[in-house]
Amino acid sequence: MFDAPPSWGVSLLLFPIIGELLVNHVKTLLLGCGYTLERVAALLPPDTFVGTTRSDARAAALRSRGIPMEVVPDPTELKRLMTIYGGITTVVDSIPVEGGVLHAPIVSEILQGVEMPPHLIYLSTTGVYGTRDGSWVTEETDRSPKDPRAAARCKEEDCYLASLPSVAILRIAGIYGPNRNTLESLKQGRYPRVEGNRWSNRIHVEDLARIITRVIEERALGIFNVADDLPVPSEEVVRYSCGLLGIDLPKAITHEEALSRGMFTLLGNQRVSSSRVKETLDYSLLYPSYREGLSELARAISSHP
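Residues numbered from 1 in each chain as written. Predicted model: local features only at pLDDT ≥ 70, side-chain atom pairs only at ≥ 80, totals over all residues. Heavy atoms only, no water.

A. Just the environment of Asp229, in detail. Structurally, the position occupied by Asp229 is in the loop between strand S11 (222-226) and strand S12 (232-233). Note on Asp229: relative accessible area 45%, which makes it partly exposed. Sequence-wise, Asp229 and Tyr191 are 38 residues apart; in three dimensions their C-alpha atoms are separated by 24 Å. Beyond its immediate chain neighbours, meaning those up to four positions away, Asp229 contacts Lys278, Leu285 and Pro288. (Helix = DSSP H or I, 4+ residues; strand = E, 2+ residues; numbered from the N terminus. Buried < 20%, exposed > 50% of the residue type's maximum accessible area, 1.4 Å probe, protein only. Contact = heavy atoms within 4.5 Å.)

In structure tokens form, the structure reads like this:
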């Protein structure tokens, strides 16, 4: 008898044939369904995907919004999901690196055991380049991570590229969007402004979600940087944000204090070229610079103070 996934509850247990049809229709597995993949889920056709989280509360919240979810407390549980959802053709890995513990070796071993290993999309970071001199970086730039998390990301990338036949690595700049942006941080008095002025890069979550969806649809392979069209000095973004809010610049902390607090991403100094992903996918950004994105977010904030 068909064993319906627990995330779809009693209704599918009462109707196993319907449940089996739905499960067999699922093609995409979203590992670590957080801020970004929740928006990807909103763009994918209904009933063609399932997401995972380690939190029962998070799973319940997303199910209430119509997103099918599985609670997966450990990467080894992926083997069970690949059995239940036998038609998975794409796996998007957005699981964060925590404490230097790698999960890619476990995930890749499980996927290698599938008759037709799926297309694996790994969401990495532009932090793997570790550039500190303000120069441009492309996908051919050597990686030189400057912090443990970025170093772990490099190991995860290498594991997937070496062990699976169909892999896309997205190296993503700082993600911003509703409820997660410079404006909100400044309003709450917790923006970590660091002295000095370094080149910074970002991508609006809506553009990122649409790019991920294109990669899924076109089964794109290779390494892609994902950032908007305008790297700018970080101080420019802070000043623009303060102007939108009508507030003064926050006091800056020193480089040494930022290091002691583990704020490694704020100490990068590089300009990211993302022409490859936009040309490969024929994609035009909705938010080509921080100005369009932050201006829209500021209007939303002012209408809902």
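Following the structure, the description resumes.
B. Region of the structure containing the pattern of salt bridges. Going through the model one piece at a time under the given rule, you end up with 16 salt bridges. As a salt-bridge pair, Arg291 and Glu236 come within 3.6 Å of each other at their nearest N and O atoms. On the criterion of sequence distance, the pair formed by Arg291 in helix H13 (residues 290-303) and Glu236 in helix H10 (residues 234-245) is long-range, its members being 55 residues apart. The partner of Glu257 in a salt bridge is Arg261, with the nearest N and O atoms 3.1 Å apart. (Salt bridge = Lys/Arg side-chain N within 4 Å of Asp/Glu carboxyl O.)

C. Representation of the environment of His25 in the model. The topology assignment puts His25 in helix H2 (residues 16-25). Residue classification places His25 among the partly exposed residues on the basis of a relative accessible area of 43%. Spatially, the C-alpha atoms of His25 and Tyr85 are 8.4 Å apart, while their sequence positions differ by 60 residues. Setting aside chain neighbours within four positions, we find His25 in contact with Asp47 and Thr48.

D. Region of interest: the sheet that holds S11. Reading across from one edge, S3-S2-S1-S4-S5-S7-S11 is the order of the seven strands in this open sheet, with parallel pairing throughout. Of all the strands in the sheet, just strand S3 (69-71) and S11 have a single pairing partner and so form its edges. Sheet twist, expressed as the mean angle between neighbouring strand axes with direction ignored, is 20°. Contacts from helix H7 (residues 148-163) reach strand S4 (90-93), strand S5 (119-125), strand S7 (167-172) and S11 within the one sheet, and its direction differs from that of S5 by about 165°. (Pairing = 2+ DSSP bridges. Axes fitted to C-alpha atoms, helices over the stretch in contact; angles between N-to-C directions.)

E. Looking closely at the side chain of Thr213. Within the fold, Thr213 resides in helix H9 (residues 205-218). Contacts of Thr213, omitting those with residues within four sequence positions, involve Val40, Leu43 and Leu44.

F. Main features of unusual backbone geometry. Here Arg219, not a glycine, exhibits a phi torsion of approximately 50°, which is positive. Residue Arg219 is classed as partly exposed on the basis of its relative accessible area, which comes to 38%. The backbone phi angle of Asp282 is positive, close to 50°, even though this residue is not glycine. Along the chain, Asp282 falls in the loop between helix H12 (275-281) and H13.

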